[in-house]
Amino acid sequence: MRIKLSFLKAFLISLVTTIGLLIYVFANPELNSGYAGLFFLSISPAVLIGIIGYCYLIKLLDKLNILAPHFIFRYLVPFSVISLAIWIAINCGDDPYIEAYQQDNFQDYITYFFDFALSVLLPLAITLAAITAMLHIGNDETMNDQNQQ
């Protein structure tokens, strides 16, 4: 199953996803305190362009036969790679966050991880699932149009 992706389709997917992320940011009091909401609003054009790039990356991976055609694999492979990259980036560098929790017990560390998962990975998972679903639905519509002709 090949994804057929026009720029208009990628732009609409990106626009819907960016608006959804902005609604999430402004509805979440932790992310909308002080000037944080304005910061997220100011980076929304970069998010829009990044999501368009992500859509074309999925198309490239599909063309190279790296992604399986099933919806779950199209979602889980990029989500796993991005989540791992975020986790490594947060815990490396000059001031890694894991070192701050080395004196804590296992339960405290698990609590820290799940707080991170709820605040970062859950919105990322919902965003990537929405993008994958919109790409998949558009691809199914294209396949139905080709079958009718």
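Residues numbered from 1 in each chain as written. Predicted model: local features only at pLDDT ≥ 70, side-chain atom pairs only at ≥ 80, totals over all residues. Heavy atoms only, no water.

Can you tell me about the confidence of the model for the protein chain, naming the residues and giving the values?
When pLDDT is averaged along the protein chain, the result is 77, and 83% of the positions lie at 70 or above. Within the protein chain, the lowest mean pLDDT, 73, falls on helix α5 (residues 106-148), and the highest, 87, falls on helix α1 (residues 7-27). (pLDDT = per-residue confidence, 0-100. Helix = DSSP H or I, 4+ residues; strand = E, 2+ residues; numbered from the N terminus.)

Go over helix α4 (residues 71-90) with me, naming the residues and quoting the values.
Look at α4: 29 Å from first C-alpha to last across 20 residues, which is about the 28 Å you get at 1.5 Å a residue. Among the residues of α4, Arg74, Tyr75, Pro78, Phe79, Ser83 and Trp87 are the ones counted as buried. Around the axis of α4, the buried residues are gathered within 165° of arc, so they sit on the same side. When the buried face of α4 is taken as reference, the exposed residues oriented beyond 90 degrees from it are Val81 and Leu84. (Expected span 1.5 Å × (residues − 1). Buried < 20%, exposed > 50% of the residue type's maximum accessible area, 1.4 Å probe, protein only. Arc of directions from axis to C-beta.)

Just give me the short version of the nonpolar core, but keep the residues and values in it.
Core analysis: the biggest nonpolar cluster contains 21 residues, and Cys55, Phe79, Leu121, Leu128, Ile131 and Leu135 have the highest contact counts within it. Where this core is concerned, the elements lending two or more residues are α1, α3 (44-63), α4 and α5. Excluding residues that lie within four positions of it along the chain, Cys55 makes contacts with Leu5, Ala10, Ile13 and Ile131. (Core = buried A, V, L, I, M, F, W, Y, C linked by side-chain atoms within 4.5 Å. Contact = heavy atoms within 4.5 Å.)

Kindly report on α1, identifying the contributing residues and their values.
Over its 21 residues, α1 runs 30 Å from end to end, which matches the ideal 30 Å to within 8%, given 1.5 Å per residue. All of the buried residues along α1 are Lys9, Ala10, Ile13, Ser14, Thr17, Thr18, Leu22 and Val25.

How would you sum up the packing of α1 against α3? Please name residues and give values.
Viewed as axis vectors pointing N to C, α1 and α3 meet at an angle of 135°, and their least axial separation amounts to 8 Å. It follows that α1 is oblique to α3 by the angle criterion. The handedness of the crossing between α1 and α3 is right-handed. Here α1 contributes Phe7, Ala10, Phe11, Ile13, Ser14, Leu15, Thr17, Thr18, Leu21 and Leu22 to the contact with α3, which in turn contributes Ser44, Val47, Leu48, Ile51, Ile52, Cys55 and Tyr56. Of the residues in the contact of α1 with α3, the class split is 13 nonpolar, four polar and no charged. (Axes fitted to C-alpha atoms, helices over the stretch in contact; angles between N-to-C directions. Parallel < 35°, antiparallel > 145°, perpendicular 65-115°, else oblique. Left-handed = near helix turned anticlockwise from the far one by under 90°. Nonpolar A, V, L, I, M, F, W, Y, C, P; charged D, E, K, R; others polar.)

I'd like to hear about the packing of α3 against α4, residue by residue, with values.
Where α3 contacts α4, the axes come no closer than 12 Å and their chain directions differ by 115°. For α3 against α4, the interelement crossing comes out right-handed. Within the contact between the two elements, α3 uses Tyr54, Ile58 and Asp62 and α4 uses Arg74, Pro78 and Ile82. Of the residues contributing to the contact of α3 with α4, the split by class is four nonpolar, no polar and two charged.

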